[in-house]
Amino acid sequence: MSNNLHIRKIIHVDMDAFYASVEQMDNPDLKGKPIAVGGGGKRGVISAASYEARKFGVKSAMSGNLASKLCPHLIFVKPRFERYHDISKKIRRIFFEYTDLVEPLSLDEAYLDVTHNKKGNPSASLIAKEIRERILNEVGLTASAGISINKFIAKVASDYNKPNGQKTVNPEEVITFLEQLDIRKFYGVGKVTAEKMYQLGIFTGNDLKSKSIEFLNDHFGKSGRYYYYVVRGIHTSEVKPNRIRKSLAAERTFKENLSSEIFMLEKLDHIADEVSRRLIKSKVSGKTVTLKIKYSDFTLQTRSKTLPYFISDKELIFETAKELLYQEKLNNSVRLLGISLSNLNTEPKKKPEQNSVSVQLKFEF
């Protein structure tokens, strides 16, 4: 039976200000205070901000410098990624008690398909509530959730009652929900696209729905088809428990701009070591090495080389990155270097077909 002839029950769980909340949990002195994870120093970039800091306009990907101006009493905390990984594993273990169809998007969010779940509970809303309560009781953190018939709507809904809340969009409510939705809330519509849509008179889902597929394709290329269908509640992407890793990377932003290749080689040596360790830990290797260079004027350049064999060894990664660094003259002083390995030796695994569920007039969500 095709995807659009059955209804799935999808939950999107999103941890609330995850990195910042972990820091506040581990250090009670930080509770209730505006904190930023990362962003320390004059060139640092923020990884996460607590809700107390967000009230001042502080957010992730913002420079620490700007954040300090917005919130003068902001507390900067050094990230502890190993700790975040450990807590993420505990949360995922809870997910797997309900379903094997768990698709992590990052350390702090995941999709769960609970159409057929291990608890035999017909209500996705009650499952989401139970999962959030367990995360709070067993881990000590709050999570928000969105529940609906597909990944797109569940993702949008999880943002509705943040923090520590959930929203269910029942099958019969989907169209009205999407028609009334602000275009900026559509997952996949960024700032630039939203501005373009405004210029075309598209402010809500209803405005978007009034446009033909040809119109959307003309103005938004391949994305036009996606917008045309999602606003009609059609999004057939399944929850994929074994997402195939396409690449693995590490990068460093420097306190001072580098202009000497000798100093850059020292940094690349450390970055290559980190990439190699992560490849070995993930039991993968790759053929294509890409060197990422961000200059002091923020322009970005990438240089790649594909080898005839798979590698994960630190020395081979470093030597290839070194070759790419010397491939051509640098345009300017450098503020960031990164190495990624792609073209990995991971083959998609075929999954058994999922049983479909017939559409019901009354569907318990």
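Residues numbered from 1 in each chain as written. Predicted model: local features only at pLDDT ≥ 70, side-chain atom pairs only at ≥ 80, totals over all residues. Heavy atoms only, no water.

1. A word on the overall build of the protein
Filter applied, for reference: Numbering of helices and strands starts at the N terminus; helices are DSSP runs of H or I of at least 4 residues and strands are runs of E of at least 2. When we talk radius of gyration, it's over C-alpha atoms, and the globule rule is simply 2.2 Å times the number of residues to the 0.38. A 1.4 Å probe rolled over the protein chains alone gives each residue an accessible area, and that area as a share of the maximum for its type sets the label: buried under 20%, exposed over 50%, partly exposed in between. All accessible-area figures derive from a Shrake-Rupley calculation using a 1.4 Å probe, and residue coverage is judged against the displayed protein chains alone. A residue counts as positive if it is Lys or Arg and as negative if it is Asp or Glu; His and the chain ends are not included. To locate a charge, take NZ of a lysine, CZ of an arginine, CG of an aspartate or CD of a glutamate.
Looking only at helices and strands, the protein has 13 helices and 12 strands in total. Scaling as 2.2 N^0.38, a compact globule of 365 residues should have a C-alpha radius of gyration of about 21 Å, and the protein matches this with 23 Å. Out of the 365 residues belonging to the protein, those deemed buried represent 44%. Surface exposure of the protein reaches about 19500 Å², of which carbon and sulfur atoms provide 50%. Side chains of the protein give 59 positive and 43 negative charges; the mean places of these two sets differ by 1 Å.

2. Looking at the pattern of salt bridges
As a reminder, the rule being used: Between Lys or Arg on one side and Asp or Glu on the other, a salt bridge is scored when a side-chain nitrogen of the former is within 4 Å of a carboxyl oxygen of the latter.
Enumeration according to the criterion identifies 19 salt bridges in this entry. Here lysine 151 and glutamate 103 are joined by a salt bridge, their closest N and O atoms 2.9 Å apart. You can see lysine 151 sitting in helix H6 (residues 151-157) and its partner glutamate 103 sitting in strand S5 (residues 102-106), a full 48 residues away along the chain. Residue lysine 151 shares its accessibility class with glutamate 103, and that shared class is buried. Among the ionic pairs, glutamate 274 bridges to arginine 252, the shortest N-O distance being 2.4 Å.

3. Things to note about helix H4 (residues 81-96)
Rules: Take the number of residues in a helix, subtract one, and multiply by 1.5 Å to get its expected span. Between two residues, a contact is recorded if the distance between any of their heavy atoms is within 4.5 Å.
Over its 16 residues, H4 extends 22 Å from the first C-alpha to the last, a length consistent with the 22 Å expected when each residue adds 1.5 Å. Looking at the buried residues of H4, the elements they touch are strand S1 (10-15), helix H1 (18-26), strand S2 (35-38), S5, strand S6 (109-113) and helix H5 (124-138).

4. As for a nonpolar patch on the surface
Cut-off, in case you're wondering: Exposure above 30% relative accessible area and the absence of a salt bridge qualify a residue for a patch, where like charges join within 9 Å and nonpolar side chains (Val, Leu, Ile, Met, Phe, Trp, Tyr) within 5 Å.
A surface patch of nonpolar side chains, amounting to about 240 Å² of accessible area, comprises Phe56, Leu66 and Leu70. With respect to the helices, strands and loops of the structure, phenylalanine 56 is situated in the loop between helix H2 (51-54) and helix H3 (64-70).

5. Considerations on the environment of glycine 57
Position of glycine 57 relative to the elements: it lies in the loop between H2 and H3. The spacing of glycine 57 and cysteine 71 is 14 residues in sequence and 8.1 Å in space, taken between C-alpha atoms. Each residue touching glycine 57, except ones within four places of it in the same chain, is listed here: Met62 and Leu70.

6. Considering the packing of aromatic side chains
Counted only if it meets this: Two rings from Phe, Tyr or Trp (for Trp, the six-membered ring) form a pair when their centres sit within 6.5 Å of each other. Planes less than 30 degrees apart are called stacked, planes more than 60 degrees apart edge-to-face, and all others tilted.
Counted under the stated rule, the structure contains 12 aromatic pairs. Where phenylalanine 18 meets tyrosine 19, the ring centres are 5.9 Å apart and the plane angle is 50 degrees; that geometry is what we call tilted. Judged by its relative accessible area of 18%, tyrosine 19 is buried. Here the aromatic rings of phenylalanine 152 and phenylalanine 186 are separated by 5.6 Å at their centres, their planes lie at 45 degrees, and the arrangement is tilted. Within this pair, whereas phenylalanine 152 is found in helix H6, its partner phenylalanine 186 is found in the loop between helix H7 (174-180) and helix H8 (191-199), the two being separated by 34 residues in sequence. A residue is classified by how much of its surface remains accessible, and phenylalanine 152, at 1% relative accessible area, is buried. Members of the aromatic cluster, joined through ring pairs, are Phe152, Phe186, Phe220, Tyr226 and Tyr227.

7. Quick look at a positive patch on the surface
Residues Lys89, Lys90, Arg93 and Lys281 make up a contiguous surface patch of positive charge. Here the positive patch gets three residues from one element, more than from any other, and that element is H4. Along the chain, arginine 93 falls in helix H4. Residue class for arginine 93 comes out exposed when judged on its relative accessible area of 53%.

8. Focus: the nonpolar core
Put simply, the test is: Within this scheme, the nonpolar core is defined by two criteria: the residues are buried Ala, Val, Leu, Ile, Met, Phe, Trp, Tyr or Cys, and they are joined through side-chain atoms within 4.5 Å.
Ranked by internal contacts, the top residues of the largest apolar core, which has 34 residues, are Ile11, Phe18, Ile91, Phe95, Leu112, Ile131 and Ile135. Leaving out residues up to four positions away in the same chain, phenylalanine 18 has contacts with Tyr84, Ile87, Ser88, Ile91, Leu107, Asp108 and Leu141. Judged by nonpolar contacts, the second largest core, of 29 residues, contains Val275, Phe318, Ile339 and Leu341.

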